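Coordinate analysis (summary)
One letter stands for each residue in the lines below.
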Amino acid sequence: MLHAKWLGNHPNVLIENISIDSRSLQNGAQTLFFTLVGPNNDAHFYIEELIAKGVSNFVVDHIPIGLEPKANFLVVKNTLDSLQQFAAYHRNLFDFPIIGITGSNGKTIVKEWLNFLLSPDYNIIRSPKSYNSQVGVPLSVLAINEKHNLGIFEAGISTINEMEKLETIIKPTIGILTNIGSAHDEGFANIGEKIKQKVLLFQNAKVLIYNKNKTVAAFLNPGVKSFSWSCKDESADVFIVKKSILDKTILKVRQKNDHFDIKIPFQDDAAIENAIQCMMVLLYFGYDYQTIESRMELLFPVEMRLKVKNGINHTTLIDDSYSSDFQSLKIALDFLESQKLYKKKTVILSDIFQSGLSNEELYSKVSQLIISNKIARVIGIGETISQFKTKFLNCLTFKDTEDFLSHFDQLSFGTETILIKGARTFHFEKIVAALEEKTHETVLEINLNAISHNLNFYKSKLKKKTKMMVMVKAFGYGNGGFEIAKLLEHHNVDYLGVAFADEGISLKNDGIQLPIMVLNPETTSFSAIIQHQLEPEIYSLKGLRAFLKIAVQKKLTNFPIHIKLDTGMHRLGFEEENLDELISILKDSKSVVVKSILSHLATSDNLQHHDFTISQINLFEKLSSKLMRDLNIEPIRHLLNTSGISNFPKAQYDMVRLGIGLYGISNNPDEQPQLENVGTLKSIISQIRKIDAGESVGYGRRFIAKKTTVVATIPIGYADGISRHWGNGVGFVTINHAKAFILGSVCMDMLMVDVTEISCKEGDAVIVFGESPTVVYMAEQLQTIPYEILTSISQRVKRMFYRE
């Protein structure tokens, strides 16, 4: 299949698993590992480690020195191309309808709704989660087996020349083009080029379903039949009139001479458009109107995130309570491993549907997954999984969710990480509610995908051998310390940086293994630093002598320390006049070893001070070279912070320190659009009231209504970190995509906003900051810096971590 060169000793091997992730606990003797090479990582580096874990079959573009006799190798020119070729070959083994979905928005929702609508009649294979990339698509397609009779795959592209490859892999017989929006605009010359590239997915399809549009139609292959719909153009194959009633929408549908009504439980335009796309598939498949109406009315909001939540009794919850299929279980177990706070791992799992396997084969495979992922306990919920209880080592089963909840008080949950994964029909949200730690309704959502994206963005700017330290001080710049540190450990960064010892001690106690440097250690914390194997920054002779005194008492040898030089920041660090004495002390000591030499740039974010920064770089080169020469050492040298990485790439030395950039904030306006927003501060509307002209809002009557005004109260205030200067009409929140300006003063626990012109109700979501307003915008309006906005969010605001 791959036109590969074979080098190996054991050709007769059964392959049951394809992998691209060296960290997955599912890798084993029957895994074929594709060693992909990306802009920031080369999987060939991990082959030796994988061999030690039992993996013996690899697709590579070269064999690392010394490993040839140790495993089976298929040598190819490009490993990603080979993965895609393998998937395309596998796809061609099957002949049943394949639905291919692309567009800017709505792909995953349409896919999940179609799965729900069609699953009573088909055994469906679909993309797990949002696996729609150049890597995700082949991994999805490789899961097809002989029991499936319908496929639903989504395809996403970010630039030209990508869709042709995905079309070859998916080969859709039925195409769906969802909404075309602004996502990934930067990868295309214009909207026409974007449409032209996306519709390449359908070049060999039998039919294309789309919202009739002249711009789109101009790029369609005339040889592909279209089945169009519209709410505006009556010449479409299906014409629809929308009518809102309470919290539902009535779709009055006309197809040729037939008329019928469909009721859906949504009112927002995006959900309505996605629902219509699904209805069109049902019409194309020939479903009768009564069946379409009865199923469409049961559509539900799709949860596309794996959420990390704090649970009762020192537990961490991984909430994946809306899906249960074999492929997404594998993904969820990998996520569980990457985010576990506690060593003990528990899985609460419902019956698994649509695997394409017999129950015997399915639950045997599930059992293998559970064992390979070192799950301590399985709680099975459902009649089918209960029948296969004996396949799991430590397993309790219940016939349904209510049965589980009735026994909840008898079950012991504590000091463990719990994956909650169940099909929607089992209503596992009730289990999440029972296990979740109760907090108030304001939450800071942290997008772990965005952190990974931003990390890789800055990694792409580094030379291949440049190491990276990531700053997680100040509770991860307000975003959450441990959870982000765990993700960074998963990404194999080289160092973590904290400001004070207690931050590092907390991370070590939570199980973080990465080396941690303490930037501002107090002399009173030196003993604790040593005890917890942290590495102190030493910036003064007084501090050095104090640390050495304790080191000698503890009979330490070669304990790592980091020497800070002052090159112009004039905050902390050794100056040139101190170096001779510093060198003399270090020469006489065997208790410590200089692990790194560092300094801090004062103006790397402001190119008006370019010459000053260059002078700092030159002084750092001079002073660090003297230390290295006189001490005869070769430590890591690091100088650049986030803005330094972008603005002074020649000064990378051996390592850089990434800080605020990880959290999606750059001082460079050209760079900011390339970063993804990490934190979204959300709340809800607690109460809505109407006041008359002359009435006031809040303390001091700082807002007096000039007309009848509708006021919404939001349960967040300055005790949660919202500046009082953000009140009195300066700032706003976003409600249902509209700006709601703050009325009067920000209170300790609440603020009030004007919703006179906004359609909303009590309980509706409120965006305090995120995409709008951004933290950067807030900082500009308040004449401060984004760091202060982020780090001001108090600990009483719950952090909720999720992965798309």
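Rules and cut-offs
- Sequence order sets the numbering: in each chain, residues are counted from 1 along the sequence as written.
- Selection of residues for local features in this predicted model requires a pLDDT of at least 70, selection of side-chain atom pairs for listing and counting requires 80 or more, and totals for whole chains, interfaces and linings are taken over all residues.
- The side-chain values count all of the structure's non-hydrogen atoms but skip hydrogen atoms and water molecules.
- What we call a nonpolar core is a set of buried Ala, Val, Leu, Ile, Met, Phe, Trp, Tyr and Cys residues that are connected through their side-chain atoms within 4.5 Å.
- Between buried and exposed lies partly exposed: a residue is buried under 20% and exposed over 50% of the maximum accessible area for its type, with that area taken using a 1.4 Å probe on protein chains only.
- Pairs of residues are marked as contacts when any of their non-hydrogen atoms sit within 4.5 Å.
- Think of it this way: any DSSP run of H or I at least four residues long counts as a helix, any run of E at least two long counts as a strand, and we number them from the N terminus.
- A pair of strands is labelled paired if DSSP reports no fewer than 2 bridges between them.
- Two N or O atoms count as a polar contact when they lie within 3.5 Å, although within protein this holds only if one can serve as hydrogen donor and the other as acceptor, and sequence-adjacent residues are included solely when both atoms are side-chain atoms.
- Salt bridges are defined as contacts in which a side-chain nitrogen from Lys or Arg sits within 4 Å of a carboxyl oxygen from Asp or Glu.
- Here, axes are lines fitted to C-alpha atoms. For helices the fit covers the stretch in contact, and angles between N-to-C directions go from 0 to 180 degrees.
- Like charges are joined within 9 Å and nonpolar side chains (Val, Leu, Ile, Met, Phe, Trp, Tyr) within 5 Å, but only among residues with over 30% relative accessible area and no salt bridge; these make up the patches.
- Computed with the Shrake-Rupley method and a 1.4 Å probe, the accessible areas treat only the protein chains shown as cover for residues.

Looking at the nonpolar core
If you look at the biggest cluster of nonpolar residues, it comprises 127 residues, and the most contacted ones within it are Val366, Leu496, Ile563 and Val753. Beyond its immediate stretch of four places on either side in the chain, valine 366 contacts Phe326, Leu329, Leu349, Ile352 and Phe392. Of all hydrophobic cores here, the second largest spans 40 residues; its members include Leu251, Phe260, Ala275 and Ile276.

Some details on the pairing of strand β20 (residues 416-421)
Buried residues dominate β20, accounting for six of its six residues. Where burial is concerned, the two faces of β20 agree: the one with Glu416, Ile418 and Ile420 and the one with Thr417, Leu419 and Lys421 are both buried. Both strand β16 (residues 315-320) and β20 contribute to a ladder of six bridges, which runs parallel. Residue pairing for β20: isoleucine 318 is matched across the bridge by leucine 419. In this sheet, β20 lies alongside strand β17 (residues 345-350) in parallel orientation, the contact comprising five bridges.

Notes on the side chain of threonine 417
Within the secondary structure, threonine 417 sits in strand β20. Here tyrosine 342 takes part through its backbone nitrogen, which lies 3.1 Å from a polar atom of the side chain of threonine 417. Residues contacting threonine 417, with those up to four places away along its chain left out, are Thr316, Ile318, Leu336, Lys340, Leu341, Tyr342, Lys344, Lys345 and Thr346.

Overview of the pattern of salt bridges
Where charged atoms from two side chains of opposite charge come close, those side chains can pair. Scanning the model with the defined rule gives 35 salt bridges in all. Between lysine 242 and aspartate 269 there is a salt bridge, with its nearest N and O atoms 4.0 Å apart. Of this pair, lysine 242 sits in strand β12 (residues 238-245) while aspartate 269 sits in helix α8 (residues 269-284), placing them 27 residues apart in sequence. The exposure class assigned to aspartate 269 is exposed, which follows from its relative accessible area of 57%. A single salt-bridge network, built from bridges that share partners, covers Lys111, Glu112, Arg126, Glu154 and Asp325.

What about the environment of tyrosine 131?
Within the element layout of this structure, tyrosine 131 appears in the loop between β7 (124-126) and α4 (136-141). Apart from the residues within four sequence positions on either side, tyrosine 131 is in contact with Gly136, Val137, Leu139, Ser140, Glu154 and Ile331.

Focus: the side chain of serine 321
Counting through the fold element by element, serine 321 comes out in the loop between β16 and α10 (326-339). Reaching out from serine 321, the side chain makes a polar contact with the side chain of aspartate 319 at a distance of 2.7 Å. Apart from the residues within four sequence positions on either side, serine 321 is in contact with Ile420, Gly422, Phe428, Glu429 and Val432.

Observations regarding the sheet that holds strand β5 (residues 72-75)
Spatially, the five strands line up as an open sheet ordered β1-β5-β4-β3-β2, and their pairing is mixed. In this open sheet, the two edge strands, each paired with only one partner strand, are β1 (5-7) and β2 (17-19). In this sheet, neighbouring strand axes are inclined to one another by 20° on average, regardless of whether the strands run parallel or antiparallel. Both strand β3 (residues 31-34) and strand β4 (residues 57-60) contribute to a ladder of three bridges, which runs parallel. Directly across from phenylalanine 34, in β4, lies its bridge partner valine 59. Its contacts with the sheet place helix α2 (residues 79-91) against β2, β3 and β4, and it is angled at close to 135° to β3.

Digging into a nonpolar patch on the surface
Taken together, Met1, Tyr89 and Leu93 make up a surface patch of nonpolar side chains, about 330 Å² in accessible area. Checked against the element boundaries, tyrosine 89 lands in helix α2. Looking at tyrosine 89, the relative accessible area reads 40%, which means it is partly exposed.

Quick notes on the sheet that holds β12
Think of a sheet as strands paired side by side through backbone hydrogen bonds, with each pair either parallel or antiparallel. Spatially, β7-β8-β6-β9-β10-β11-β12-β13-β14 is the arrangement adopted by the nine strands of the open sheet, whose pairing is mixed. The open sheet has two edge strands, β7 and β14 (258-264), and neither has a second partner. Taken over all neighbouring pairs, the strand axes of this sheet differ in orientation by 20° on average, direction set aside. As judged from the three bridges shared by β7 and strand β8 (residues 150-154), these two strands associate in the parallel manner. By the bridge assignment for β8, isoleucine 124 is matched with leucine 150. The strands that α8 touches are β6 (98-102), β9 (174-177), β10 (207-211), β11 (225-230), β12, β13 (248-255) and β14; relative to β11, the one it contacts most, it runs at about 140°.

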